[in-house]
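# Remarks on the overall topology
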Amino acid sequence: QRGIIGMALGSNFKDYLREELLDPEFSALFLTAALEEGDEEFLAEALSEVVKIHGVTKVAEESGIARQALYKMLSAEGNPSFKNISKLPLINILSN
C-alpha cells in the first residue's frame, strides 16, 4: 500500500500528490476530504489539482465550460461558484 510513509526521503510532496492523483480512487478520496474540510480555498486548490491532472481540455469539453473560463475559475484569483463546480464531470473523470 502506498502512502505518505512510503514516500522517498527528499521527495517533493506536491510531486508525490500529483502522482497519487492519477489514481481515480485517490482523487475521489482527496476531493471528499476537501469537501469535508469545509475550507473553500482548500477545495478550490484540490479541484484545480484534480482537473489539471485529469486534463483541463477534457474537463472543459465534458462540462461545457470554456477552457479559459475553467482555468480562470480554478486559478488562485478565481472563485468557483457551486453552479460551475456542479457542472464539472468529476464522476466521469474519476471513472476513466
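Every value quoted in this text rests on a predicted model; they were computed, and no experiment measured them. The residue numbers shown here count from 1 along each chain, following its written sequence. Side-chain atom pairs in this predicted model are given and counted only at pLDDT of 80 or more, local residue features only at pLDDT of at least 70, and totals for whole chains, interfaces and linings cover all residues. Side-chain calculation: all heavy atoms of the structure are included, whereas hydrogens and water are not.

Looking at the protein, the pLDDT average stands at 76 and 70% of residues meet or exceed 70. How sure the predictor is of each residue is captured by pLDDT, a score from 0 to 100. Under the DSSP-based scheme used, a helix requires at least four consecutive residues in state H or I and a strand at least two consecutive residues in state E, with every element numbered from the N terminus. Per-element confidence in the protein ranges from a low mean pLDDT of 57 for helix α7 (residues 90-95) to a high of 86 for helix α1 (residues 13-21). By definition, residues are in contact when any of their heavy atoms lie within 4.5 Å. pLDDT under 50 marks residues 1-9. Its contacts with residues more than four places away, or in other chains, come to nine contacts.

Bringing helix α5 (residues 67-74) into the picture now. Three exposure classes are used, based on accessible area relative to the maximum for each residue type with a 1.4 Å probe and protein chains only: buried under 20%, partly exposed in between, and exposed over 50%. All of the buried residues in α5 are Leu 70, Met 73 and Leu 74. Taken around the axis of α5, the buried residues stretch over an arc of 85°, which confines them to a single face. Facing away from the buried side of α5, by more than 90 degrees, are the exposed residues Gln 68 and Lys 72. Directions drawn from the helix axis to the C-beta atoms are what define this arc.

Below, the discussion takes up the packing of helix α2 (residues 24-37) against helix α3 (residues 40-54). Lines fitted to C-alpha atoms define the axes, with helix axes restricted to the stretch in contact, and inter-axis angles between N-to-C directions lie between 0 and 180 degrees. Interaxial distance between α2 and α3 falls to 8 Å at its minimum, and their mutual angle equals 165°. Classed by the angle they form, the pair α2 and α3 counts as roughly antiparallel. For the element pair α2 and α3, the recorded crossing hand is left-handed. Residues Ser 27, Phe 30, Leu 31, Ala 33, Ala 34, Leu 35 and Glu 37 of α2 lie in contact with α3, whose contacting residues are Phe 42, Leu 43, Ala 46, Leu 47, Val 50 and His 54. Its residues assigned to classes, the contact of α2 with α3 comprises 10 nonpolar, two polar and one charged. An angle counts as roughly parallel when it lies under 35 degrees, as roughly antiparallel when it exceeds 145, as roughly perpendicular when it falls between 65 and 115, and as oblique in every other case. Should the near helix be turned counterclockwise from the far one by less than a right angle, the crossing is left-handed, whereas a clockwise turn marks it as right-handed. Gly is put with the polar residues, along with every residue not named as nonpolar or charged; the nonpolar set is Ala, Val, Leu, Ile, Met, Phe, Trp, Tyr, Cys and Pro, and the charged set is Asp, Glu, Lys and Arg.

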